[in-house]
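# Structural characterization, general
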Amino acid sequence: MKRDTTVLLDEKRIFKPNVETVERAHVKNWETEIEKGKNFEKYWEEKAEDLDWFERWDQVLDESNKPFFKWFVNGKINLAYNAVDRWINTEKRNQVAILYVNERGDEKKLTYYELYREVNKMANGLKNLGVKKGDTVSMYLPMCPELLISMLACNKIGAVHSVVYSGLSVGAFVERMNDAKVKILITADGTYRRGKIIDLKKISDEAMLQCPTIETVIVVKHTGSKIDISDLSGREIFYERLIEGEPAECECEPMDSEDPLFILYTSGSTGKPKGVLHTTGGYMVGVSTTLKNIFDIHENDMWWCTGDIGWITGHSYVIYGPLLLGTTTVVYEGAPDYPDPGAWWNIVEKYGVTKFYTAPTAIRHLMRFGNKYPNLYNLSSLKILGTVGEPINPEAWMWYYKNVGKEKAPIMDTWWQTETGMHLISPLPSAYLKPGSATKAVPGVDADVVDEDGNPVPLGKGGYLVIKKPWPAMFRTLYEDEERYKDVYWNQIPGYYKAGDMARKDEDGYFWIQGRSDDVLKIAGHRVGTSEVESAFVSHPAVVEAAVIGKHDPIKGQVIKAFVILREGYKLKTKLIEELNKHVRYELGPVAVIGDIEQVESLPKTRSGKIMRRVLRARELGEDVGDTSTLEE
Ligand code: 6R9
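A quick note: this is a predicted structure, and the numbers were derived from the prediction, not measured. (Residues numbered from 1 in each chain as written. Predicted model: local features only at pLDDT ≥ 70, side-chain atom pairs only at ≥ 80, totals over all residues. Heavy atoms only, no water.)

### Regarding the UniProt feature "domain: Acetyl-coenzyme A synthetase N-terminal" (unreviewed entry) in the chain
To keep it simple, the criterion reads: UniProt positions are given in the numbering used here, feature names are shortened, and annotations may be inferred rather than shown by experiment. Secondary structure is summarised from DSSP: a helix means a run of H or I of at least four residues, a strand means a run of E of at least two, and numbering begins at the N terminus for each.
Here, UniProt's "domain: Acetyl-coenzyme A synthetase N-terminal" (unreviewed entry) annotation points to residues 38-83. Along residues 38-83 the backbone is 30% helical and 22% strand, and the end-to-end C-alpha distance reaches 28 Å.

### A word on the domain arrangement of the chain
Note the threshold: An automatic or database domain assignment provides the domain bounds reported here. Residue contacts follow a heavy-atom distance rule, with two residues in contact if any of their heavy atoms lie within 4.5 Å. Two parts placed together each lose some accessible area; with a 1.4 Å probe, that loss summed over both constitutes the buried area. Salt bridges are identified by distance alone: a Lys or Arg side-chain nitrogen within 4 Å of an Asp or Glu carboxyl oxygen. Each polar contact in these results corresponds to two N or O atoms within 3.5 Å; when the atoms are within protein, one needs to be able to donate a hydrogen and the other to accept it, and residues that are neighboring in sequence are counted only if both atoms are side-chain atoms.
Per the domain assignment, the segments making up the chain are domain 1 (9-78 + 254-514), domain 2 (110-249) and domain 3 (520-621). Domain 2 and domain 3 are separated by 32 Å when their C-alpha centres are compared. Counting residues at the interface gives 9 residues for domain 2 and 9 residues for domain 3. Counting the surface lost from both domain 2 and domain 3, the interface buries some 630 Å², and carbon and sulfur atoms represent 47% of this. Interface area lost by domain 2 to domain 3 is led by Tyr 165, Gly 167 and Ser 169, which between them contribute 43%. Counting every contact that joins domain 2 to domain 3 gives 1 salt bridge. Measuring nitrogen to oxygen at the nearest pair gives 3.3 Å for the salt bridge that ties Arg 176 to Glu 532. Taken together, the connections running from domain 2 to domain 3 amount to 7 residue pairs in polar contact (both at pLDDT 80 or more). No other element matches the 4 residues that helix H8 (residues 170-179) contributes to the side of domain 2 that touches domain 3.

### Notes on the sheet that holds strand S28 (residues 543-553)
Using the following cut-off: Criterion used throughout: strands pair if DSSP finds at least two bridges between them. Every axis corresponds to a line fitted to the C-alpha atoms, with the helix fit spanning only the stretch in contact, and the corresponding angles, defined between N-to-C directions, vary from 0 to 180 degrees.
Read from one edge of the open sheet, 3 strands run S28-S29-S30, paired in mixed fashion. Of all the strands in the sheet, just S28 and strand S30 (594-599) have a single pairing partner and so form its edges. Here the average twist between neighbouring strands, direction ignored, is 25 degrees. Judged from the 10 bridges that link them, S28 and strand S29 (residues 557-566) form a sheet pairing that is antiparallel. Bridging from a neighbouring strand, Ile 549 pairs with Lys 561 of S29. With respect to the sheet, helix H19 (residues 574-588) is in contact with S28, S29 and S30, its orientation differing from that of S30 by roughly 125 degrees.

### Describing the site of the ligand
This is how the line gets drawn: One heavy atom suffices: a residue is near a molecule or strand as soon as one of its heavy atoms comes within 4 Å of it. Each accessible area is a Shrake-Rupley estimate made with a 1.4 Å probe; only the visible protein chains count as cover when residues are assessed.
By nearness alone, 17 residues border the ligand, and Asp 413, Thr 418, Asp 501, Arg 516 and Arg 527 come closest of all. For the ligand, a nitrogen atom lies 3.1 Å from a polar atom in the backbone of Gly 389. Interatomic distance of 3.4 Å between a backbone N/O atom of Glu 390 and a nitrogen atom of the ligand. Contact with the protein chains removes 97% of the 530 Å² of surface that the ligand exposes when unbound.

### Focus: the sheet that holds strand S25 (residues 511-516)
Ordered in space as S21-S22-S24-S25, the 4 strands form an open sheet in which the pairing is antiparallel. Of all strands in the sheet, those with a lone pairing partner are strand S21 (447-450) and S25, marking the two edges. Between one strand and the next, the sheet's axes are offset by a mean angle of 45 degrees, whatever the strand orientation. Pairing of strand S24 (residues 497-505) with S25, which is carried by 5 bridges, proceeds in the antiparallel orientation. Bridging from a neighbouring strand, Ala 503 pairs with Ile 513 of S25.

### Digging into the environment of Val 445
Structurally, Val 445 is set in the loop between strand S20 (411-414) and S21. Each C-alpha atom of the pair Val 445 and His 423 lies 9.6 Å from the other, and the pair is 22 residues apart in sequence. Val 445 has contacts with Trp 44, Met 422, Leu 424, Ile 467 and Trp 471, leaving out every residue within four places of it along the chain.

### Describing the pattern of salt bridges
Note the threshold: For each residue, the accessible area found with a 1.4 Å probe, counting protein chains only, is set against the maximum for its type, and the residue is called buried under 20%, exposed over 50%, and partly exposed in between.
All told, the structure shown has 42 salt bridges when counted by the stated rule. Ionic pairing is found between Glu 118 and Lys 121, a salt bridge with its closest N-O pair at 3.5 Å. With a gap of 3 residues between them, Glu 118 and Lys 121 both fall in helix H6 (residues 112-128), about one helical turn apart. When its relative accessible area of 21% is taken as the criterion, Glu 118 is described as partly exposed. Among the salt bridges present, the one from Arg 613 reaches Asp 519, with a minimum N-O distance of 2.7 Å. Note that Arg 613 is positioned in helix H20 (residues 613-621) and Asp 519 in the loop between S25 and strand S26 (520-523), a separation of 94 residues in sequence. Residue Arg 613 shares its accessibility class with Asp 519, and that shared class is buried. The structure contains a network of salt bridges with shared partners spanning Lys 551, Lys 561, Asp 596, Glu 598 and Glu 620.

In structure tokens:
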């Protein structure tokens, strides 16, 4: 993947913290806070005090069965209680909790009290369907209030949610449902995207044919489409019917700190997607603390994270972080450039957004339209900006800093993962910033760059990014796959969590993330596994074998380059290329952006039959292929 790494190596600009921002901040001195965090158990214990526990923990961290760590052992807590219920007896009761807006300009506001009532009704509705503590409920929904309500309703009664991104299509959807043996699915008639309505119900109907465990499908009428009761099958029920007449009160299930909270599937380099399992207490502590300190959240903030709830960014920072802090969270459904490339800046101005968090790919996309659009709007409400999902190139950083933040709002470049649950490397508002660097590990977290044996590499030299101590929001395992959990993350570099990214540290100890060290792609910030794309290709009758690699793209970061071996009689002509594109989209969804397909006669493989994507990548980029001693003749 050719990225502007030369620029990164030369990047020497440093930006001082903005005085006003620091004066307002919860944490006024970044370095001091990092020092405090070195006593990490004590640090996290103090942060846990900010939440309301039904019963206090008797141990902060239990490391007796590594790598199966436990946080806040024997503590009892409930997420929905902390995110919603505890605010209704305070002055926040009538404050807007969720501000839903879409690309058509529709808006819906839910105060904390209204949210409380809706969550309770849904929790009761789920109970009536027989959902109990520990059961898994899945959502395939657009960014709509019912998605947040359903997730919180699950938390309330102790059910585990498994949200599937609504941009994933049939094949990916089926795989995730069946792996988690889901019994209840919540979906919607459709979602708005660039002036069209995407028919989610149709996708889920097709998927349902292959999901034998699903007993009930709850359907949200979101886009006002004409479906009515006669269109539903015996196992389907409308959301509005389910909650009709349900009491707006519901007891919270006291959850053990280590009870499962949610599963979120993500792509690995090999095999099927991984069900990343997060538990309750530590996740809440990690997510609320990082959001509070990195984006300096106060109760009168208007927080907007543009990430989709179907990914970890949305779980941690659209719904849970902001509600745990009792602020207002903007939930936006639509594209960044529809009806025009000023759509997002219009929302910032209209609602006075104070903190704004998005992905580098979106910035690069909007940058293409020039300064005109951000300059059309009053963006002076913005105090802090953020990015997530992939390394940000200094050019995009500078554009964002100048045109959106007007050189006043610092940019928090946050590095983290589905597995980490919370930000692990990021500045705080009082940090000195370097465009393109995520700076340092957040207070209470210990990160480093090491070689294969775990020895620190000299400053300036690339190596594997590792986390050396447990952190509260860490995932606890992969769903029903403890072996893979140990192998992929903990046994590779003994004693440390191997993140799967390459990085280097500079002379100031700042981290520069260089991208994945494995075969995971980041397409427009979305994590896509090469093996998933390959199996989508080979499920087409014309394809015998396929190998895919990431190819640099100036806007999306990476797109797919596929090498395919075709069945006899097939030629890679325009019609087949179109068909393959369509087929992969059907299996995986619009996240799988194909840049190029090439027909080949054979693929480079190891003697044990594994495709050597590294060789393909090197050939593609005209780079040295490296060690090929395991390459089959
Ligand atoms: C939150 C999220 C994780 C991978 C991660 C890395 C890349 C995320 C980044 C970044 C450089 C940043 N990544 N944030 N790379 N700088 N600020 O994106 O989770 O979808 O699991 O992806 O994303 O490669 O390993 P997830």
